[in-house]
Amino acid sequence: DTEVTQTPKHLVMGMTNKKSLKCEQHMGHRAMYWYKQKAKKPPELMFVYSYEKLSINESVPSRFSPECPNSSLLNLHLHALQPEDSALYLCASSQGSRTGGVRTEAFFGQGTRLTVV
Amino acid sequence: AQKITQTQPGMFVQEKEAVTLDCTYDTSDPSYGLFWYKQPSSGEMIFLIYQGSYDQQNATEGRYSLNFQKARKSANLVISASQLGDSAMYFCAMRGASGGSYIPTFGRGTSLIVHP
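This section reports on the structure supplied with the text. (Residues numbered from 1 in each chain as written. Chains lettered and ligands numbered in written order. Predicted model: local features only at pLDDT ≥ 70, side-chain atom pairs only at ≥ 80, totals over all residues. Heavy atoms only, no water.)

1. Describing the packing of aromatic side chains
In plain terms, the rule: A pair of Phe, Tyr and Trp rings is counted when the ring centres sit within 6.5 Å of each other, with Trp represented by its six-membered ring. The angle between the planes then sorts it: under 30 degrees is stacked, over 60 is edge-to-face, the rest tilted. Only DSSP runs of H or I reaching four residues or more are called helices, and only runs of E reaching two or more are called strands; each is numbered from the N terminus. Burial classification: accessible surface area is computed with a 1.4 Å probe over protein chains only, and a residue below 20% of its type maximum counts as buried, one above 50% as exposed, and the rest as partly exposed. Should the NZ of a Lys or the CZ of an Arg lie within 6 Å of a ring centre and within 35 degrees of the ring normal, that charge is described as sitting over the ring.
Considering all chains together, one arrives at 14 aromatic pairs over all chains under this definition. Summarising the aromatic geometry, the rings of A:Tyr35 and B:Phe106 are spaced 5.9 Å apart at their centres and angled 90° between planes, so their arrangement reads as edge-to-face. Residue A:Tyr35 is found in strand 4 (residues 31-37), and its partner B:Phe106 is found in strand 11 (residues 105-106); the two belong to separate chains. When its relative accessible area of 12% is taken as the criterion, B:Phe106 is described as buried. Ring-pair connections join several aromatic residues into one group, and the members of that group are A:Tyr33, A:Tyr35, A:Phe108, B:Phe35, B:Tyr37, B:Phe47, B:Tyr50, B:Phe91 and B:Phe106. Positioned above the aromatic ring of B:Tyr64, the side-chain terminus of B:Arg63 is 5.7 Å from the ring centre.

Printed below as a string of structure tokens:
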């Protein structure tokens, strides 16, 4: 069983909808990540939160809006998405950079399969 | 910049045989970590094994072992006694230590199919 929980597992939304993806971990990790993954491709990094502050934004369109309410939770707010945004969205967490170092593997959730219609 | 290369888009192996999945990397960081992840069709990325750049011995985790050749910058994954449940995508990844960046960089992945 994964220690990173993502909800929902599946989501179908229209292009005018607003929805949110949620991610939760209780491993005491201080770094949390959102990745987007298309079929048969590697995960693409979208955002990184380090100690609850946004540290990396990989030029993601503003229709994706991340939020980190506390050290255990990570949200991804979706608004006015396009069909090409349909993908598997993965959340991951790892020890923070202040304590972890290179031996800090990332633990992933099961992902949310998003379909934009 | 870091780069991970997996040159095998797909691999086939007979059940109970061993298989090697290739991974080469490039980095200017003196300290780095190498990881392998398994992704079954369900989507979850499962951490398999880790190798540190300063580790003297090759990492092993059960049926998984990492053939680490630092001079050649390769970190191949060896799966012994393959099982049907090993069929999945396998991603090699690395994490560097410089500049405060701890972001895993992924290779393109290798699709492994285990035949009965």
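Don't stop here, the text continues.
2. Side note on the interface of chain B and chain A
Which entries qualify depends on this criterion: Contacts are assigned to residue pairs with any non-hydrogen atoms lying within 4.5 Å of each other. Take the accessible area each of two parts loses on contact, using a 1.4 Å probe, and add the two losses: that sum is the buried area. When a carboxyl oxygen of Asp or Glu is within 4 Å of a side-chain nitrogen of Lys or Arg, the pair counts as a salt bridge. Throughout this description, a polar contact denotes any pair of N or O atoms lying within 3.5 Å of each other; where both atoms belong to protein, one of them has to be capable of donating a hydrogen while the other can accept it, and for residues adjacent in sequence the pair is counted only when both atoms sit in side chains. Note on residue categories: nonpolar means Ala, Val, Leu, Ile, Met, Phe, Trp, Tyr, Cys or Pro, charged means Asp, Glu, Lys or Arg, and polar means any other residue, Gly included.
Each partner contributes residues to the interface: chain B has 23 residues there, and chain A has 24 residues. Both sides together, the interface formed by chain B and chain A hides about 2000 Å², and carbon and sulfur atoms give 60% of it. In this assembly, chain B and chain A are joined by zero salt bridges. The tally of links from chain B across to chain A stands at four residue pairs in polar contact (both at pLDDT 80 or more). Going through the elements one at a time, strand 5 (32-39), strand 6 (46-52) and strand 10 (88-96) of chain B are the ones with two or more residues in the side of chain B that touches chain A. The residue inventory of the side of chain B that touches chain A, partitioned by class, reads twelve nonpolar, eight polar and three charged.

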